[in-house]
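Summary of the model geometry
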Amino acid sequence: MNRATATIFSLAILLASNHAFAIVDPPTFSPATPNSSQPVTALVRNGICHAFLAPGLPGSGIPPLRIERSPGVVDIISPGVISFDPFCINPFEIDSFTIGVLDPGNYQVRIWIIDFTVGFLETTLVASSPLTVTQGPVAQPIPMLGPGAFVMMVLLVLLIALRFLGGHRRSMFVMLAFLGSVTASAQSEQKSLMVLLSTSPNAPLPIQLVAPVEFTAGYLGELSAGLVAENPTHAHFLLSRRATGDFSTWLNAHPDEPRAQLERYVVVVYPESANLQNALSALTADPNVLYAAEPVAVDFATPPDREMAPLLPNPIRNVAKGTPTQTWVTDLGFSGAWTRAGGYGLVATLDNGLNTSHPDLAAFDSSGLYTGGNFLPVYSGDVGRSTSFPPGGVMFDGDVDERQPVTATSAVCDPDGDGLMVASIAGHGTHVAGLIGANDSNADGTVGGCKHCGIASWRTAQELCRPSGFVTIGNNIYGVVQGLTYIADIGVQVVNQSFGGAPASLDVCATSSIYDAWCLAMRNASDRGVLMVSASGNNRTSINFPARDKRVVAVGGLEADLTFWDDRLDLPAGSRTAECPNPTLLGAGLPFGTECGSNFTPAGAGQRRQEVTMSARDVYSTIYPAVNYNTVIECGDSYGDASATDGRGVCTGTSMSAPLYSGMAGLLRSINPLVLPGDPENTIDAIGIRDVVVDSSVVPGGTLIWDAKFGYGIPRADAAASIMLGFVAGNVVKNRVTPLFSFYGSAATDWSYTTVPQGAISLIINQSANYLPQGTLVAGYPAFPESPTAVPLPPAPRANTFVLTTEYRASTSHPNLIPLYWMDRKRNTPLGCTTGAGCNTSSRDFLLLTTVADVNTAKADGFSFRGLQGYVYDRCTPEPSCIPLSAEKLYRKCNTAEDDCAIFLESERVLRESEGYTAAYPVGSNMHIGYAYPNVDTDGDGLVNGFERIIGTRHDIADSDGDGVSDGVEFPLAGIRVSDPCQGPNIQCANAPLFANSFE
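Rules used in this analysis
- Residues numbered from 1 in each chain as written.
- Predicted model: local features only at pLDDT ≥ 70, side-chain atom pairs only at ≥ 80, totals over all residues.
- Heavy atoms only, no water.
- Buried < 20%, exposed > 50% of the residue type's maximum accessible area, 1.4 Å probe, protein only.
- Helix = DSSP H or I, 4+ residues; strand = E, 2+ residues; numbered from the N terminus.
- Pairing = 2+ DSSP bridges.
- 1 Å grid on protein atoms, 1.4 Å probe; cavity = no way out; pocket = protein on both sides within 12 Å on 5 of 7 lines; lining within 4 Å.
- Points joined across faces, edges and corners; volume = space filled by probe spheres on them.
- Nonpolar A, V, L, I, M, F, W, Y, C, P; charged D, E, K, R; others polar.
- Contact = heavy atoms within 4.5 Å.
- Polar contact = N/O pair within 3.5 Å; in protein donor to acceptor, adjacent residues only side chain to side chain.
- Phe/Tyr/Trp six-rings, centres within 6.5 Å; stacked < 30°, edge-to-face > 60°.
- Axes fitted to C-alpha atoms, helices over the stretch in contact; angles between N-to-C directions.
- Parallel < 35°, antiparallel > 145°, perpendicular 65-115°, else oblique.
- Left-handed = near helix turned anticlockwise from the far one by under 90°.
- Salt bridge = Lys/Arg side-chain N within 4 Å of Asp/Glu carboxyl O.
- Disulfide = S-S within 2.5 Å.

**Structural notes on the pairing of strand β16 (residues 289-293)**
Consecutive side chains of a regular strand alternate in pointing toward one face of the sheet and then the other. Counting buried positions over the five residues of β16 gives four, a clear majority of the element. When strand β13 (residues 191-197) meets β16, the two strands line up antiparallel, connected through four bridges. Among the inter-strand pairings, M194 is bridged to a residue of β16, identified as A293.

This is the structure:
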């Protein structure tokens, strides 16, 4: 949608609603009747979608404030944004402009905005007022002062622009982020375009455009006409973490794969004077450029506080304080699901980071002891502050704390003068992370949807210094693209995106170029089998992007009583209104009423369908301690319980609904890691996780399959967990087994193991020398997920060992189940060497531990914690009678010369010991760590003997019930149960009585 079309469309909405909310009032003056000796200040009330930006420092890309005088006229020309969208969330505020002293006379004071939405290329008159200046006693010089020498960085624009930019790519700014030992910095950058370089013979490589290259008007080098148009200053990689080794080689050999195209993206930076439309036209016509665009804008589905004038408390909402409860636990069936599985999947958040030391999230306490928390720093990173670099900079910040100090961009945001500023608000990311996987093992009672799911936090937000000194935050599209790309590289199974924007088209990735960076990142994640989840939005309108994309789960919101959330937060619970936002309150200057209900599917062909709805109203979870995120809608530590410092509170929005789904999805992916995301709208592809959730959902009233507001309904985690486990002999099975994929990296001299296909892909692609699968091929699972056009596909999965996927044993006669804790360490071998012949600088050790004591020892020895990888049987006595049928002893033994530990069964022990794997780690620990199942399938039905022992089918007969269909087809290893393998005409299921009376 071009600018004219977007404006007409928005104006049509305004006319239909009879409310024009985007305003700049005529200026008033202080003093109201000045004389020629008194400095004059113009006070301008503006709000909703119109807003002024603070003037930029030299080189910032934001134009300066100009105050120009001509006879009878004073023009105040300020950078700002203009929109006519009635759903904007920018509140009313009053900006002041110091004009200075004026000669006696009559003036017309005019207010102009240099419009950011068109790259500061248009200046629009937005308001004016007459001013009379009388003769004063003394004439005064006229100082040319602006409203404050503060840099208002781009994130304000992201927050304001969310409601009107949509899918139309406009100019935005990103911040310089310098990696330091303590701080990140946030400095404003110039105009920029995202550019995908082609693979034509004359096209430059990305590295040839990045430092030390400094573009000038006369410099050509490897550049072509499109890249020098409008005199860019420099370029940087879109992906700061570059592919290396064999992975880089593979990408170069397969340039049409989405991951390879993302690697070829650069961000070209222009001076403030540049005409981006001219630059974009030149790039589009350049044969060495495959695609170029301005980035889109999105923001969190629960908005943060903005600076308001005055900042008023909400007089109506008053969230009740008292004994907090997480009613969603029972409302959505989580308590029942936890009796079947606690989950151990890896779930990522693209958000504002989190409180990294929160006792409900941190995996280790301050002394380094394991506490059971699920936040995994090894899988996390800050790409919101670190998405733009000086020429040639390739930097990465691993600190994802929501209130990490960053370099101050103005003294007003640095009251103590230490050069740093800290976000005035926080909590969105902490709240989201807690809903996914807050620690259930401590005593505070706050839990997440997946008890043991690892949390990979990717911070995609940046700080913004407001002129008042208020430091707010907002999402950064460069960070979103990076984060979504990286989580697909590191083995994440589910990604939560509690943000969105209203797109200009119904399906952004279907209607825009297939080469758009965000769409490529989504395609890459989808190809890898990552389940993507996003908030539908909170403005009672059509579903936001990216939830609008068919590959993404669109999660709408519910009230506390499980009705559809469609009331404004400025009214008491239960009050409904069709007007959103509240025109009465907005007209009175009160910034309430913009959070007024869940988005849904409006009538009309082609609209994205709501998928499910989950709790959204006053949801209780972890929060950033002693800080609030939004005081208007009462989200933060001050709300929901009696303490304002305990790090727990309520928030409202579909930002809360989405992580509840993500936690559920993480739990389900743990039960069977081999099952793909699926798509309930596609009846041809295999049944996946999304299909299972839909099948467990119920539309209130029970008469509809799908509803425009509720989607397929309200999910039940207990029912979904039962479907994932499967039914045999009419009962839910107690557990499943899954392959422990085995790899050896020759350069790393390391054996590594994972139960997660996405984790397996990360081992294959991300090392300096590929880890290659080892052991026996896995029947029923021929390939890891990857792009269907990838040639060749990744090597076939192999595993000698199968482990269990839940903590619940199938029979009381079996030993207890214990988790496999995954950890890794990188250090040179032989120990102490640095470089030179014989020193292996690529050496690495992934290992699996089974006790908390061993985890603590490994952590102290420099190992990083990577969460869980399934379960095995604990050691028992007397052997061999206590060992479950078909299981073998499982060992962890180490080769000290290679600084590596291996996991293997009794049947492999002689071979591994001959290779030097004979030592214990930790020293003195038991090398016999438990029992697991070998990859042995006696009857050839695609199910290993141990699996059939667990579910009750015969391991020596391929068709246990005589119905003509093999057990592996009815109850597939890598899929959802098709039919009951123990309900045919000739049932011979060996363990059928187990289901009648032998469950614990």
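That shown, we press on.
**Structural notes on empty space enclosed by the protein**
Taken as a whole and judged by the stated rule, the model has seven cavities of 30 Å³ or more. Within this model, the second largest cavity holds a volume of roughly 120 Å³. If you trace the second largest cavity, you find 18 residues lining it, with L346, Y379, R866, L868 and Q869 closest to the centre. When residues of the lining of the second largest cavity are assigned to their parent elements, the largest contribution, four residues, is made by strand β42 (residues 864-873). Grouping the amino acids of the lining of the second largest cavity by side-chain chemistry returns eight nonpolar, nine polar and one charged.

**Brief notes about the environment of D845**
By secondary structure assignment, the location of D845 is in strand β41 (residues 844-849). Classification of D845 as buried rests on a relative accessible area of 2%. Residues D845 and D899 lie 54 residues apart in sequence; the distance between their C-alpha atoms is 6.8 Å. Among residues more than four places away in sequence, those in contact with D845 are D750, M823, D824, R825, F863, D899, D900 and C901. Within polar-contact distance, the side chain of D845 engages the backbone nitrogen of C901 at 3.1 Å.

**A closer look at the packing of aromatic side chains**
Think of a pair of aromatic rings as described by two things: how far the centres are apart, and how the planes are tilted against each other in angle. Counting across every chain of the model gives 25 aromatic pairs. When the centroid spacing of 5.9 Å and the interplanar angle of 80 degrees are considered together, the rings of Y873 and Y933 count as edge-to-face. On the criterion of sequence distance, the pair formed by Y873 in strand β42 and Y933 in strand β45 (residues 928-934) is long-range, its members being 60 residues apart. Both residues of the pair, Y873 and Y933, count as buried.

**Looking at the packing of helix α15 (residues 654-671) against helix α17 (residues 717-725)**
For the pair α15 and α17, the least separation of the axes is 9 Å and the interaxial angle reads 20 degrees. Judged by the angle between their axes, α15 and α17 are roughly parallel. Regarding α15 and α17, the two cross each other, and that crossing is right-handed. Residue-level inspection shows M664, L667, L668 and I671 of α15 in contact with α17, the latter providing A717, A720, A721, M724 and L725. In terms of residue class, the contact of α15 with α17 is built from nine nonpolar, no polar and no charged.

**Quick notes on the pattern of salt bridges**
Going through the model one piece at a time under the given rule, you end up with 34 salt bridges. Between E559 and R617 there is a salt bridge whose closest N-O contact spans 3.2 Å. With E559 in the loop between β28 (552-558) and α14 (583-587) and R617 in the loop between β29 (612-615) and β30 (619-622), this residue pair connects regions lying 58 residues apart in the sequence. In this pair, the class of E559 matches that of R617, namely buried. The network of salt bridges with common partners includes R242, R259, E263, D489, R528 and E786.

**So, the sheet that holds strand β15 (residues 265-270)**
Pairing is antiparallel across the open sheet formed by four strands, whose spatial order is β14-β15-β13-β16. A strand with exactly one partner marks an edge of an open sheet, and here the two such strands are β14 (234-237) and β16. Pairs of neighbouring strands in the sheet enclose a mean axial angle of 30 degrees, with direction left out of account. Along the sheet face, helix α7 (residues 276-285) touches β13, β15 and β16 and points at about 5 degrees away from the line of β13.

**Description of the state of the cysteines**
As enumerated under the stated definition, the model contains eight disulfides in all. A disulfide bridge connects C833 with C839, and the sulfur atoms are separated by 2.0 Å. Handedness here is read from the sign of the S-S torsion; for C833 and C839, about 75 degrees, the answer is right-handed. Take C839: its relative accessible area is 12%, and that puts it in the buried class. Disulfide pairing is shown between C876 and C882; the S-S distance is 2.0 Å.

None of the figures reported here should be taken as evidence of function without further support.
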